[in-house]
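Each chain, written out:
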Amino acid sequence: MTRLTPAIAALSGAGIGSVATILGVWLSQGLSGRRERGHRTWDRRAAAYEDILISMARLRGERKEATSTGELRLARLANPDSEEGARLSAQVNLYGGPELRKAQQASFTALQKWLMALMAWRSYHDTYGSLPDSPPQKGADALWDAVLEAGAEADKFDLALTAAVRKEALGERPKRFLRN
């Protein structure tokens, strides 16, 4: 039987210490890397959420301006499949959950319906008469009433999209889990 000499004990202790140090460094680096990836992902998600909110607020403002003047001045509104629309869809599909994707699709569909109603109103007045200088009052023109209804519906879906982004970004829990 071999006796444990001080030299063997020192070498064994140094070996165990080295292995423990290597494992500790490896584990620490792995956890730090995972944490850094999580921070980078969150930063990208936060930028995407902010971009979605800014774009939706801009589109809402442009829609209100077009509804108040009857003119569709901006090409971005006239083409919801533009580069900005594609970028927003990509961001939602990449970083958003199922609820956010559903809200974004409903919002874009409502925007397209509003655009179709506005274009139908303009087309009718361009074809069968002159386009009025200002939009008519509610109830005076059935096509304009359709534009106003589609705009109200689009506003509702835009606000739902904003709420979905806020819920995902801030991690809000459903009300049933909140304490009274």
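Scoring rules and cut-offs
Residues numbered from 1 in each chain as written. Predicted model: local features only at pLDDT ≥ 70, side-chain atom pairs only at ≥ 80, totals over all residues. Heavy atoms only, no water. Helix = DSSP H or I, 4+ residues; strand = E, 2+ residues; numbered from the N terminus. Buried < 20%, exposed > 50% of the residue type's maximum accessible area, 1.4 Å probe, protein only. Contact = heavy atoms within 4.5 Å. Areas by Shrake-Rupley, 256 points an atom, 1.4 Å probe, with all protein chains shown as cover. Patch = residues over 30% accessible without salt bridge, like charges linked within 9 Å, V, L, I, M, F, W, Y side chains within 5 Å. Salt bridge = Lys/Arg side-chain N within 4 Å of Asp/Glu carboxyl O. Phe/Tyr/Trp six-rings, centres within 6.5 Å; stacked < 30°, edge-to-face > 60°. Core = buried A, V, L, I, M, F, W, Y, C linked by side-chain atoms within 4.5 Å.

Caption draft 1: Highlighting the overall build of the protein chain. Counting secondary structure elements, the protein chain contains five helices and zero strands. The secondary structure elements of the protein chain, listed N-terminal to C-terminal, are α-α-α-α-α. Counting all 180 residues of the protein chain, 27% fall into the buried class. Considering only contacts in the protein chain between residues 6 or more positions apart, those separated by 24 or more positions represent 71%. Accessible surface computed for the protein chain: about 12,200 Å², of which carbon and sulfur atoms make up 58%.

Caption draft 2: Fine view of a nonpolar patch on the surface. Taken together, the side chains of Val19, Leu23, Trp26, Leu27 and Leu31 present a nonpolar region at the surface, about 560 Å² in accessible area. Here Leu31 is to be found in helix 1 (residues 6-69). You can call Leu31 partly exposed: its relative accessible area is 45%.

Caption draft 3: The arrangement of the packing of aromatic side chains in detail. Tallied over the entire structure, the rule returns two aromatic pairs. With a centroid separation of 6.3 Å and 65° between ring planes, the pair formed by Trp42 and Tyr49 is classed as edge-to-face. When its relative accessible area of 37% is taken as the criterion, Trp42 is described as partly exposed. The exposure class of Tyr49 is buried, given its relative accessible area of 3%.

Caption draft 4: Structural view of the nonpolar core. Membership of the largest hydrophobic core comes to 22 residues, with the highest contact counts inside it found for Ile52, Leu100, Trp114, Leu118, Val147 and Leu161. Listed by contribution, the elements that provide at least two residues to this core are helix 1, helix 3 (83-95), helix 4 (98-128) and helix 5 (142-170). Looking at this core element by element, the count peaks at nine residues for helix 4.

Caption draft 5: Inspection of the environment of Trp42 at higher detail. Here Trp42 shows up in helix 1. With 53 residues separating them in the primary sequence, Trp42 and Tyr95 have C-alpha atoms 9.3 Å apart. In contact with Trp42, not counting residues within four places along its chain, are Tyr49 and Ala169.

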